[in-house]
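Listed here are the chains, written in short residue letters.
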Amino acid sequence: MMSSPYSIPLKWLEAASEAIEFAAEKWPLLSRNGWVASAFDKSEPPKPLDVASVATAMAFLRCSGVRILKGFSGRGSYGWKHSAEAWGERIGFAPYVANGDLICAALFLGIPTRQEGPVNCLLALRMPNGVFASWARWPA
């Protein structure tokens, strides 16, 4: 049985496992760091994607109020991962989401991406005004 030290519902953990398998087939170099094992130390082995973090990123992208755009907003995966972390920590999901975990979730959900360098990508997403303020009202 799949479990997590966080209060992530099983359906999100199962979906995250499926997303990780999907990404491994299509983007075998995708790791927790992003598109490559490490942009800094080429000898560093790739860090495998994390089920709880991918689940948090998927739930964030589906349930937080983020909107998918037709074009790219200029905000990269590294910025979006911080938003997913804040959202996840607030609701009891994983408080850390790696860049690659967020990219994996976006790819699996069909969110348009554009690779920007060896680690990050742009995402066709927008955060509506007032969304962060609404998170503050959610029960912890």
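All of these numbers come straight from a predicted model, not from anything done at the bench.

Q: Sorry, what's going on with the pattern of salt bridges here?
A: A complete count under the given rule lists 3 salt bridges for this structure. Across the salt bridge formed by Asp-101 and Arg-32, the nearest N and O atoms sit 2.7 Å from each other. Of the two residues, Asp-101 sits in helix α4 (residues 99–108) while Arg-32 sits in the loop between α1 (10–26) and α2 (51–63), which places them 69 residues apart along the sequence. Asp-101 sits in the buried class, given a relative accessible area of 0%. Between Lys-81 and Glu-85 there is a salt bridge, and its shortest N-O distance comes to 2.7 Å. Taken together, the residues span about one helical turn, with Lys-81 and Glu-85 both in helix α3 (residues 77–91) at a distance of 4 residues. Accessibility assignment for this pair places Lys-81 and Glu-85 in one class, buried.

Q: For this particular structure, what's the right way to read the packing of α1 against α2?
A: Between α1 and α2, the least distance of the axes is 8 Å, while the angle of their chain directions is 105 degrees. With respect to each other, α1 and α2 are oriented roughly perpendicular. Facing α1, whose interface residues are Trp-12, Leu-13, Ala-15, Ala-16, Ser-17, Ala-19 and Ile-20, α2 presents Val-51, Ala-52, Val-54, Ala-55, Met-58, Ala-59, Arg-62 and Cys-63. For the contact of α1 with α2, the per-class residue count stands at 13 nonpolar, 1 polar and 1 charged.

About the criteria used
- Residue indices follow the written sequence of each chain, beginning from 1 at its first position.
- Side-chain atom pairs in this predicted model are given and counted only at pLDDT of 80 or more, local residue features only at pLDDT of at least 70, and totals for whole chains, interfaces and linings cover all residues.
- Working from all heavy atoms in the structure, the side-chain values ignore hydrogens and water.
- Any Lys or Arg side-chain nitrogen located within 4 Å of an Asp or Glu carboxyl oxygen qualifies as a salt bridge.
- For the purposes of this entry, the term helix denotes a DSSP run of H or I that reaches at least four residues, the term strand denotes a run of E that reaches at least two, and both are numbered from the N terminus.
- Buried residues are those whose accessible area, probed at 1.4 Å on protein chains only, stays under 20% of the maximum for their type, while exposed residues exceed 50% and partly exposed ones sit between those limits.
- To obtain an axis, a line is fitted to C-alpha atoms, over the contacting stretch when the element is a helix, and the angle between two such axes runs from 0 to 180 degrees between their N-to-C directions.
- By definition in this entry, angles of less than 35 degrees are roughly parallel, angles greater than 145 are roughly antiparallel, angles of 65 to 115 are roughly perpendicular, and the rest are oblique.
- Working rule for contacts: check all heavy atoms of both residues, and any pair within 4.5 Å makes them a contact.
- Charged means Asp, Glu, Lys or Arg here, nonpolar means Ala, Val, Leu, Ile, Met, Phe, Trp, Tyr, Cys or Pro, and polar covers whatever is left, Gly included.

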